[in-house]
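Descriptive analysis of the structure
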Amino acid sequence: MTENGSKNIIDVKDLQVSFFTDSGVVRALNGVNFAIPQGKAIGVVGESGCGKTVTSYAVLQLLAKTAKITQGTIQFQKRDGTVVDLTQYKPGSNEMRRIRGGEISMIFQEPMSSLSPVHTVYDQIAENLFLHKGINEKQARERTVELLQLVGIPKAAERMDEYTFQFSGGMRQRVMIAMALAPEPRVLIADEPTTALDVTIQAQVLQLIKRMQEEFNLSLMLITHDLGVVAHMVDQVYVMYRGRVVEDAPVMEVFYEPRHPYTRGLLNSIPKLRGPRGKVASIPGTVPDSYNLPSGCLFHPRCSQYIGEVCRQNVPQTRAVSANHRVSCFLYDETPDVQKEV
Ligand SMILES: Nc1ncnc2c1ncn2[C@@H]1O[C@H](COP(=O)(O)OP(=O)(O)OP(=O)(O)O)[C@@H](O)[C@H]1O
Ligand SMILES: [Mg+2]
């Protein structure tokens, strides 16, 4: 355990995770690097299967039993300022339980599988309050009403005794957010929090998450396959491909100066608001299976700017192309290596 003055609440370096299954080894994460500065928001984007959920589960030590963190560190700065490496804790350890929920909360990708159908909204929020706050029944009911009002649930005092299936999709997601906020966490991980919702409700829920982040000075990790979602939500975007971060940059630079051919492909696949309506471009090829990773740059089989043998045989280094903008691609190999800064 060390104490440092780092401004990053979470700092992940070279994270590698494999699943050891009956059909073989799935190499889900192949060297993931990212950092969440205190009170800031990052977005993690990439196609289905690129490792977004596995990354967040690794941080919280919620990975399946078949998974193993084979390399890397997850440094976490606790409330008291000490920095610990979460990979060193056992998933069921007391320390990890305290951090999970108490310091780092998560809004899961599938609300129905993480909300209990047999417990009322109050029961589920109160469980988080009792676990992390040590309060009595009366205080828990008052706090639950406050939390439900905070996330915009009308008639909170009555509705808290209902079951989650009695709520609409958007309201259920608000309940999830209230549950996540109950233990007053410092980090919020939201994994595709709006995928299942229709567009208007999606915007409202995203606004709510943003408002909560600012109000409570949370450090936010917003996971989505949709680059459009991160635009007004985060400071820094990490683009993942096949269990690696291929580019990361301040949010506006990702939109106006994307460097990696994969990021450019993702941007072209966002439907345009103006201009001729037509087929949305998609990146040619499919994500290859995780049992057999390609050699060299993992994106080379699908890359529109493939240079040649170098891409097939070598793993590109991560290079800074400007302050806080890094890219892993041989197109930028001449760029002088700038001091890494996050
Ligand atoms: N329990 C598991 N057993 C084996 N492989 C797994 C398991 N969970 C995830 N994987 C594999 O790990 C890789 C990353 O999966 P992950 O769920 O993190 O993707 P994702 O980016 O969150 O995708 P999506 O956008 O669809 O949610 C995939 O190749 C997936 O098949
Ligand atoms: Mg996922």
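These lines cover the structure that appears in this document, whether it is placed above or below.

The rules behind the values
Residues numbered from 1 in each chain as written. Chains lettered and ligands numbered in written order. Predicted model: local features only at pLDDT ≥ 70, side-chain atom pairs only at ≥ 80, totals over all residues. Heavy atoms only, no water. Near = heavy atom within 4 Å. Polar contact = N/O pair within 3.5 Å; in protein donor to acceptor, adjacent residues only side chain to side chain. Areas by Shrake-Rupley, 256 points an atom, 1.4 Å probe, with all protein chains shown as cover. Helix = DSSP H or I, 4+ residues; strand = E, 2+ residues; numbered from the N terminus. Nonpolar A, V, L, I, M, F, W, Y, C, P; charged D, E, K, R; others polar. Salt bridge = Lys/Arg side-chain N within 4 Å of Asp/Glu carboxyl O. Buried < 20%, exposed > 50% of the residue type's maximum accessible area, 1.4 Å probe, protein only.

Near ligand 1 lie 15 residues; those nearest to it are Ser48, Gly49, Lys52, Thr53 and Gln109. Contacts to ligand 1 include lysine 52, whose side-chain N or O atom sits 2.8 Å from an oxygen atom. Contact distances for ligand 1 include 2.8 Å between an oxygen atom and a side-chain N or O atom of threonine 53. For ligand 1, whose unbound accessible area comes to 640 Å², protein coverage reaches 69%. Those elements giving two or more residues to the shell around ligand 1 turn out to be strand 2 (8–21), strand 3 (24–37) and helix 1 (52–60). For the shell around ligand 1, the leading source of residues is helix 1, giving three residues. Its residues placed into classes, the shell around ligand 1 shows five nonpolar, seven polar and three charged.

With that out of the way, let us pick up the pattern of salt bridges. In total, this model carries 14 salt bridges according to the counting rule given. For arginine 302, the salt bridge identified is with glutamate 47, shortest N-O distance 3.1 Å. You can see arginine 302 sitting in the loop between helix 11 (261–268) and helix 12 (309–313) and its partner glutamate 47 sitting in the loop between strand 4 (41–45) and helix 1, a full 255 residues away along the chain. Judged by its relative accessible area of 22%, glutamate 47 falls in the partly exposed class. The residue arginine 186 makes a salt bridge to glutamate 103 at a minimum N-O spacing of 2.5 Å.

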